[in-house]
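Residue-level structural notes
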Amino acid sequence: MRGRLSRIVGIDLGTTNSLVAYIDEQTGLPRVIPDRDGHVLLPSVVSFTREGVLVGDAAKRQLVRKPDTTVYSVKRFMGRGWDDVQEELRYFPFSIKPEDGIIRLLVGGREVTPPEVSAIVLRSLKERAEAHFGEPIERAVITVPAYFNDSQRQATKDAGRIAGLDVVRIVNEPTAASLAYGLHELHDGIIAVYDLGGGTFDISILRVKDGIFEVLATNGNTHLGGDDFDRVLMDWLLDDLRARHGADLSGDHEALQELRLASEAAKIRLSAVERTALTLPFADFTYHRETSRQELEELIEPLVQATLAPCRMALADAGLAPGQLDEVVLVGGSTRVPLVRRRVQELFGKVPHSRLNPDEVVALGAAVQAHILAGGITNMLLLDVTPLSLGIETLGGIVSVLIPRNTTIPTSAREMFTTSVDGQTVVDMHVVQGERELVRDCRSLARFELRGIDPMPAGMPKIEVTFLIDANGILQVHARELRTGKAASIEVKPTYGLEDADVARMVEESFAYAEADVSARLLIETRNEADTVTTHVERALRQGAHLTGEDELARIRAAVDALKQVRESGDRDLIRERTIALNHATERLAELLMDSTLKEALGSKRVAEILESP
Ligand code: AMP
């Protein structure tokens, strides 16, 4: 086991750009980690060239030259089905094919899944953090849009795993942005997070109460952002080029690309200055144009207005009026545009938080969450998810998890269990919490008994176990035997007496002992299987000894003894081998028994006749 807890970084895995951040231990403040050239934003672009895989700026440079080998905006495909993405495909040069419900992108003659592409971006950020700290980085908090569903969240976790990262928590982007501004310290408040990036717009209305964030409503437009600002400015410049120079560039891809980049640069300058000039040397003339912030604002006003309608809808969905908000947070590079800030302020009637860099704020908040999880902030536990897995003890002291760690609450889960001993009328229910495979390494939460089950052979009772966690984190466990209807239940508070440090330690230990735990569980399962087969065979020997000769019975008894001899050994393969051999040795006796039981039940008809009849 490691001597101390390993570091957890915060990652904003964005549609356009991704970045990684951590908490500076000296100042306690979150910081983003730059690459060797001092760049903080890593373009979420991956290019599959003949020489190898490129990521970030190097891949982005391939976008114009080799569009068919370069993947961008892969976040739009994460965890989505074939039907969901047909609309998206209109915007992409590469094709996709579905296979077993998994989407594969066809790029540069290869097939890759969206999580595999995202993993390349994540690995690059992991390496960046490792170079910064000079130590391996294995754990991360990753952010996703608040509207991401379970499979999109799972795909993001998969991407982390492929990149060699344990994703200790998935956090909503608006929650992360609020954390970066310290809004988790509000006792009770309503927050609007307005996120306008390059190609997407999201509005989220959150409620924070005692450190717990709840998403009240989300809305947005998945194809609206700063790129559209560039486009309207570019169209305006194209008209000007036509009017003043008689030049039509609409078919010239390279010139259009130049003009697009110049438009974006001018737009960015106009966030800081009132007027700017643009100069573009073409083959036969040089284009020069002055432009003002006011002109830009007139051009983009309809686009900015288009973001306000989703804001109003989200407010209505949350049952709120604009004046009821306590805080407004700005996220995304395009919220640097002064017109955007003015309109947001007018709509919500609040000066938005804008002190932090809007490109970095989500990653900074992910770092804050990572720090909390790593035990750096001990006086609070963000309890909108289960901090540790919850399950029950099953045969041999193995944990069967019903609600995994990091499940958003409230939540419920249901599973069927049965008995392991013939005639069992009482079942001991043991509720445990933790990340380890064996009960003895987990925290015991509660025990209760399910009584009054009718005596039945092992495996016959059907015991339905339900776990239910309410919004306050209270766990109710119900157990019911379906044949007899007997039921019992208990209520516990899983977080009672649980400190952040305990959670971190238990999670940490589950990694440290992962391999040993898995082999211990497999050994127990193999022994359980051996016991089940032995019990069945012994029953068959009692009931069917008269059906066959002494030779066969002796062979079966020898196989039972051979299995019993190795049961206590730690040799899983040997136990399994002898279990299979025992099964094999009893095949004929089992058939004879079934035949005679059926005959008894059905009078004199031959079994074969019954099986043949329709
Ligand atoms: P994001 O997706 O959050 O990285 O935002 C990228 C978008 O923000 C792009 O459309 C950029 O052109 C835009 N952007 C970045 N900085 C500025 C700025 N200072 N003024 C206006 N837009 C900006």
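Residues numbered from 1 in each chain as written. Predicted model: local features only at pLDDT ≥ 70, side-chain atom pairs only at ≥ 80, totals over all residues. Heavy atoms only, no water.

As for the domain arrangement of the protein
Per the domain assignment, the segments making up the protein are domain 1 (8-224 + 308-384), domain 2 (386-501) and domain 3 (514-612). Using only C-alpha atoms to locate each centre, domain 1 and domain 3 end up separated by 55 Å. (Domains from an automatic or database assignment.)

Looking at the packing of aromatic side chains
Applying the stated criterion to the full structure yields four aromatic pairs. Look at Tyr22 and Phe133: their rings are 5.0 Å apart centre to centre, the planes differ by 90 degrees, and that puts the pair in the edge-to-face class. Here Tyr22, found in strand β2 (residues 17-23), pairs with Phe133, found in helix α3 (residues 114-133); they are 111 residues apart in sequence, far enough to count as distant. For Arg7, the ring lying beneath its charged end belongs to Phe133, and the centroid distance is 3.9 Å. (Phe/Tyr/Trp six-rings, centres within 6.5 Å; stacked < 30°, edge-to-face > 60°. Helix = DSSP H or I, 4+ residues; strand = E, 2+ residues; numbered from the N terminus. Lys NZ or Arg CZ within 6 Å of the ring centre and 35° of its normal.)

Description of helix α8 (residues 293-317)
For α8, built from 25 residues, the straight-helix expectation of 36 Å at 1.5 Å per residue is met to within 8% by its first-to-last C-alpha distance of 35 Å. Its axis deflected by about 50 degrees at Ile300, α8 carries its strongest bend there, up to four residues before the proline Pro302. Along α8, the residues classified as buried are Arg293, Leu296, Glu297, Ile300, Leu303, Val304, Thr307, Leu308, Pro310, Cys311, Ala314 and Leu315. Phi turns positive one or two residues past the end of α8, at Gly319, with a value near 70 degrees. (Expected span 1.5 Å × (residues − 1). Bend = angle between axes of the 7 residues up to and from the residue. Buried < 20%, exposed > 50% of the residue type's maximum accessible area, 1.4 Å probe, protein only.)

Overview of the sheet that holds strand β13 (residues 188-196)
Taken in spatial order, the four strands make up an open sheet running β15-β14-β13-β18, and their pairing is mixed. With one partner strand each, in any of the chains shown, β15 (212-221) and β18 (327-331) form the two edges of the open sheet. When strand polarity is set aside, the average angle formed by the axes of neighbouring strands in this sheet is 20 degrees. Pairing of β13 with strand β14 (residues 201-209) involves nine bridges; the strand directions are antiparallel. Across the sheet, Ala192 pairs through a bridge with Ile205, a residue of β14. Contacts between helix α5 (residues 173-180) and the sheet are confined to β13, β14, β15 and β18, with β13 contributing the most and set at about 115 degrees to the helix. (Pairing = 2+ DSSP bridges. Axes fitted to C-alpha atoms, helices over the stretch in contact; angles between N-to-C directions. Contact = heavy atoms within 4.5 Å.)

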